[in-house]
Amino acid sequence: KQPIHVVGGGLAGSEAAWQIAEKGLKVVLHEMRPTRETDAHKTDGLAELVCSNSFRSDDAENNAVGLLHAELRAAGSLIMKSADANKVPAGGALAVDRDGFSEAVQAALEAHENVEIIREEVTEIPSADIGQVILATGPLTSPALSEQILKATGEDSLAFFDAIAPIIHTESINMDKAWYQSRYDKVGPGGTGKDYINCPMDKEQYEAFIDALIGGEKTSFKEWEENTPYFDGCLPIEVMAERGRETLRHGPMKPMGLTNAHQPDIKAYAVVQLRQDNALGTLYNMVGFQTKLKYGAQSEIFRMIPGLEDAQFARLGGLHRNTFLNSPRLLDEQMRLKALPHVRFAGQITGCEGYVESTAVGCMTGLFAAHQALGTDIAPPPATTACGAIINHITGGHIDREDGSGPRSFQPMNINFGLLPPLDEMPKHPEGKRLRGKEKTRLKKQVMAKRGLDDFKAWVATV
Ligand code: FAD
């Protein structure tokens, strides 16, 4: 059998190579460092953590990323095994000694009889005659390979910045103040005329909001990020506010074509629109609200918006250098590039976000490729699992809209419970009392986490 080639020895690539090798198949891992560096990596070790040393919460019973840890452990993940072996105290989080962690990953791969590691930059997408290929070159994919990926996927299919607008759990939006309506009640293909959630502002609220945006604390670009042009059509919201107090009222916050369902006679001075973000309808994103405000400032300022006073954010906004594909359009559910099916993608380049999520996509993609080579194709894990929910988000759970937002609306995302299907039945209070607020949310998460882990263990037993 031909070996499977994995390009990029980061978190996703190392995990994918491990999963393939553990299935008894030969794998060649190509890593460009140290022959070529990235702007963020500092060592030549495999699976280097480029920033924080935390894998976030390790609480598998209450937290979505904790659930992802548990699923990866159940799948025999090398990244999780190396993290557990190099744990440092961090409360409920799983944080690691970054050097020990990277050394453990590298040592395990070097010692594996099925793994060959080549230190070279891959500058072209390998052709089909070398067999299956997994590209896991991350958010800082080298320029030569990025260009080839751009050629293979098309101009508008590879983004170099993520312009992330905050995403909110739908159930935390106060619909006594907000209402459903598309601008001018427009009904596009698959739409209902009520596709957006609208939050109204009067003049006073708008002025206070603009002051808060301008005064809010911002994060700055890293030096190397400043050199990448990004600004067409995705200016941070606070930069728009700085350009003129009326700019937002004529841009993403324009009130035209919208009638407040609660007060039809009063014309809103400005309106914040939220658009459905996942097929389940459990998440909505704030349209046009990409931002470089600090996280604390974002929660405070965006909760000034009528209807969002108690908003729970599935993710806050951001703007970073990142390379990622328009995966829902380009990849099939096995993470294969539809146009070149011998090529799979894995890790952050597919539009997941974070160390653990990149690892999970690497793990799944490695398993898909290995099973294809063995002639025993497998289906992805169910969407009730954290791994399945990420694959679903990347490959198609995300909706495309008629208003041109389709390809642009796909943005990298951390795992969160909003990506999992809601429960068929609400959990009951152990003493039969009525469940509300935080307690209801906590119990729901616990039931979803248990459902996820049970379903994942059942799935992994079949592979
Ligand atoms: P990587 O871990 O970056 O691995 C990709 C590998 O491919 C690298 O080793 C690279 O050298 C190699 N490579 C690239 N091009 C080629 C080529 N042409 N040929 C051969 N090899 C190649 N996530 C978090 O959870 N916490 C954080 O604190 C965090 N901080 C981040 C900070 C920055 C600056 C960036 C850019 C991202 C950060 N992320 C963070 C997001 C993400 O989780 C990490 O980038 C993560 O490492 C992604 O894993 P990956 O395997 O997809 O890519």
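Residues numbered from 1 in each chain as written. Predicted model: local features only at pLDDT ≥ 70, side-chain atom pairs only at ≥ 80, totals over all residues. Heavy atoms only, no water.

A closer look at the overall build of the protein chain
Right, on to step 1. A tally of regular secondary structure across the protein chain gives 14 helices and 17 strands.
Right, on to step 2. Compactness check: the protein chain gives a C-alpha radius of gyration of 23 Å against a globular reference of 23 Å for 463 residues, within 12% of the reference.
Right, on to step 3. Seen through its principal axes, the protein chain has C-alpha atoms that stretch 75 × 60 × 45 Å.
Right, on to step 4. Within the span of the protein chain, comprising 463 residues, buried residues form 57% of the whole.
Right, on to step 5. About 19700 Å² of surface is accessible on the protein chain, with carbon and sulfur atoms providing 51% of the total.
Right, on to step 6. If the 49 positive side-chain charges of the protein chain are averaged to one point and the 61 negative ones to another, these points end up 5 Å apart. (Helix = DSSP H or I, 4+ residues; strand = E, 2+ residues; numbered from the N terminus. Rg over C-alpha atoms; globule rule 2.2 N^0.38 Å. Buried < 20%, exposed > 50% of the residue type's maximum accessible area, 1.4 Å probe, protein only. Areas by Shrake-Rupley, 256 points an atom, 1.4 Å probe, with all protein chains shown as cover. Lys, Arg positive; Asp, Glu negative; His and termini not counted. Charge placed at Lys NZ, Arg CZ, Asp CG, Glu CD.)

Concerning the site of the ligand
Right, on to step 1. By nearness alone, 30 residues border the ligand, and Glu31, Arg33, Gln348, Gly354 and Tyr355 come closest of all.
Right, on to step 2. Glutamate 31 is positioned with one of its side-chain polar atoms (N or O) 2.6 Å from an oxygen atom of the ligand.
Right, on to step 3. Serine 52 places a polar main-chain atom, nitrogen or oxygen, 3.1 Å from an oxygen atom of the ligand.
Right, on to step 4. Here the ligand, which alone exposes 970 Å², has 92% of that area covered by the protein.
Right, on to step 5. Mapped onto the shell around the ligand, the elements with two or more residues apiece are helix 1 (11-22), strand 2 (27-31) and helix 11 (355-374).
Right, on to step 6. Looking at the shell around the ligand residue by residue, the classes come out as 11 nonpolar, 15 polar and four charged. (Near = heavy atom within 4 Å. Polar contact = N/O pair within 3.5 Å; in protein donor to acceptor, adjacent residues only side chain to side chain. Nonpolar A, V, L, I, M, F, W, Y, C, P; charged D, E, K, R; others polar.)

Re the sheet that holds strand 3 (residues 54-57)
Right, on to step 1. Spatial strand order, 3-5-4: three strands in an open sheet with antiparallel pairing. The open sheet terminates on both sides in strands that have one partner only, identified here as strand 3 and strand 4 (87-88).
Right, on to step 2. Sheet topology note: the strand 4/strand 5 (residues 93-96) ladder contains two bridges and is antiparallel. Paired with lysine 87 across the strands is valine 96, a residue of strand 5. (Pairing = 2+ DSSP bridges.)

Section: the sheet that holds strand 11 (residues 196-201)
Right, on to step 1. Across the sheet, six strands lie side by side as 10-11-12-13-9-14; this open sheet has antiparallel pairing. Edge strands, defined here as strands with exactly one partner in the open sheet, are strand 10 (179-180) and strand 14 (313-315).
Right, on to step 2. With six bridges connecting them, strand 11 and strand 12 (residues 270-276) associate as antiparallel partners. Bridge assignment links methionine 201 to a residue of strand 12, and that residue is alanine 270.
Right, on to step 3. Of the strands in this sheet, strand 11 and strand 12 are in contact with helix 6 (residues 203-215), which crosses strand 11 at around 95°. (Contact = heavy atoms within 4.5 Å. Axes fitted to C-alpha atoms, helices over the stretch in contact; angles between N-to-C directions.)

Some thoughts on the packing of helix 2 (residues 64-74) against helix 11
Right, on to step 1. Where helix 2 contacts helix 11, the two axes come as close as 10 Å, and the packing angle between them is 35°. Judged by the twist between their axes, the crossing of helix 2 over helix 11 is left-handed. Packed against helix 2, whose contacting residues are Val65, Leu68, His69 and Leu72, the element helix 11 presents Val356, Glu357, Thr359, Ala360 and Cys363 at the interface.
Right, on to step 2. Here the contact of helix 2 with helix 11 is composed, by residue class, of six nonpolar, two polar and one charged. (Left-handed = near helix turned anticlockwise from the far one by under 90°.)

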